[in-house]
Amino acid sequence: MPMEVFQSLAPAFSRTELVYLQGWGEPLLHPDFFTMLDLVKNKGSKAGLTSNATLLTDENIKRLVGQGLDILSLSMAGIDDSNDRIRKGTSWKKVLTAIETVHKIRISMGRNRPHIHLAYMLLGSNLDDIEKLPEFLNALGLDQIVISGLTLALDPAMEQEMYLAKSKQEFALLKSRLQSMKNELDEPGNTFFHIYNPYLSGKTCSENIQKSTYASVDGLIRPCVYTDFPEDACLNRHISSGRYPFSGLNFGSIKDQSMAEIWKSEDYSAFRHGFFNPKINKPCVHCAKRFIDDLSE
């Protein structure tokens, strides 16, 4: 995202609870990332990001702590080398080192932020790690843990890693295993689930489209990151509920209108208020984010 586009978004930051500096990919690759973070914090908003830890050097961590980053989420997809096999180019050991370093630097700088979150991806090939997770996670001193299932695979080979329960009974078994695992954690109240459940009604959206929005790199304002696909890059998206054509959706450009104008526009308001009207909801009809179970019931 060019800085001029980001600066066009800035007037909305003071009225935003959390600006998450994240789209598709590793945010610390952006050459102006720390300038962007400063701009968000100077506007009075909280700021967060998710990283694979590859670029979390000691110097970068010191800058993140010093500039007041509120949430640092580290992503993993396995508790051993299976993570590195699935997420090529990343290292589970680097994630653990980064967590340890953040703890040390927060203490040395007299700060209690960023809060350290772990975004753990539960894959079909690592379901047997569920019972090993408590011992692994309890040792990390995390502020929050979110355990998710894979709901989008742009590569057909990754479809096998999506855990698709073949029956309600099979999903109930998974739920029981995950709840038992949670009960063994030192701080079970800090652990949350984000699991695809095809047996839900589909009458929610886990992306919180009623209160959040997403800006693509070119300044187009979209309901969420799942409506920001390069439509000419791939014929199909491979999603938990099947294979469907890419379908983008935007309600205007921040280059032409303010965020307030776009948010309050007739089309965007109609989309939010009539979310389950098929005529409005076409890009979302087959999205797995309508069937996300937090396992709370």
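Preceding this paragraph is the structure being described.
A brief look at the structure comes next. Because the structure is predicted, anything quoted here is derived from the model rather than measured.

As enumerated under the stated definition, the model contains 8 salt bridges in all. Lys 104 serves as the salt-bridge partner of Glu 100, at 3.3 Å between the closest nitrogen and oxygen. Residue Glu 100 and its partner Lys 104 are both found in helix α5 (residues 92-108); the two are separated by 4 residues, about one turn of the helix. Relative accessible area serves as the criterion here: at 52%, Lys 104 is assigned to the exposed category.

The nonpolar side chains of a soluble globular protein tend to be buried with one another. Within the largest apolar cluster, 67 residues are counted, with the highest numbers of intra-cluster contacts made by Leu 56, Leu 74, Leu 137 and Leu 178. With 6 residues, the top contributor of residues to this core is α5. Once residues lying within four places of it in the same chain are set aside, the contact partners of Leu 74 are Ser 51, Ala 53, Leu 56, Val 95, Ile 99, Ile 116, His 117, Leu 118 and Ala 119.

As a further point, take the packing of helix α3 (residues 58-66) against α5. When two helices pack together, their arrangement is captured by the angle between the axes and the distance separating the axes. Where α3 meets α5, the axes come as close as 10 Å, and the angle between the chain directions of the two elements is 50°. The angle between the axes of α3 and α5 places the two elements in the oblique class. When you trace α3 past α5, the crossing you get is right-handed. Counted together, Asp 58, Ile 61, Lys 62 and Val 65 of α3 and Ala 98, Thr 101, Val 102, Ile 105 and Arg 106 of α5 form the full contact between these two elements. Looking at the contact of α3 with α5 residue by residue, the class counts come to 5 nonpolar, 1 polar and 3 charged.

What follows concerns the layout of surface pockets. By volume, the second largest pocket is sized at about 240 Å³. Lining the second largest pocket are 13 residues, and of these Leu 200, Thr 204, Ile 292, Asp 293 and Asp 294 sit closest to its centre. The set of elements that each furnish at least two residues to the lining of the second largest pocket consists of β7 (191-196) and β12 (292-293). Partitioning the lining of the second largest pocket into residue classes produces 5 nonpolar, 4 polar and 4 charged.

Cut-offs and rules
- Per-chain numbering applies: the sequence of each chain, read as written, is numbered from 1 onward.
- Per-residue local features of the predicted model are confined to residues with pLDDT of at least 70, and side-chain atom pairs are confined, for both listing and counting, to 80 or more; whole-chain, interface and lining totals are unaffected and use all residues.
- Hydrogen atoms and water are omitted, and side-chain values are computed over all heavy atoms in the structure.
- When a carboxyl oxygen of Asp or Glu lies within 4 Å of a side-chain nitrogen of Lys or Arg, that pair is called a salt bridge.
- Secondary structure follows DSSP: runs of H or I at least 4 residues long count as helices, runs of E at least 2 residues long count as strands, and numbering of each begins at the N terminus.
- Relative accessibility under 20% of the residue-type maximum defines a buried residue, over 50% an exposed one, and the middle range a partly exposed one, all with a 1.4 Å probe and only protein chains included.
- What makes a nonpolar core is a set of buried Ala, Val, Leu, Ile, Met, Phe, Trp, Tyr and Cys residues whose side-chain atoms join them at distances within 4.5 Å.
- Contact criterion: two residues are considered in contact whenever any of their non-hydrogen atoms come within 4.5 Å of each other.
- Axis lines are fitted to C-alpha atoms, over the contacting stretch for helices. Their N-to-C directions set the angle, which ranges from 0 to 180 degrees.
- Convention used here: angles under 35 degrees read as roughly parallel, angles over 145 as roughly antiparallel, angles from 65 to 115 as roughly perpendicular, and any remaining angle as oblique.
- Working rule for handedness: look at the near helix, and if it is turned counterclockwise from the far one by less than a right angle, call the crossing left-handed; if clockwise, right-handed.
- Under the convention adopted here, Pro, Cys and the residues Ala, Val, Leu, Ile, Met, Phe, Trp and Tyr are nonpolar, Asp, Glu, Lys and Arg are charged, and Gly plus all remaining residues are polar.
- Only protein atoms enter the 1 Å grid, on which a cavity is a set of points fitting a 1.4 Å probe that cannot get out and a pocket is an open set with protein on both sides within 12 Å along at least 5 of 7 lines, lining residues being those with an atom within 4 Å of a point.
- Grid points are joined across faces, edges and corners, and a volume is the space filled by probe spheres set on the points.

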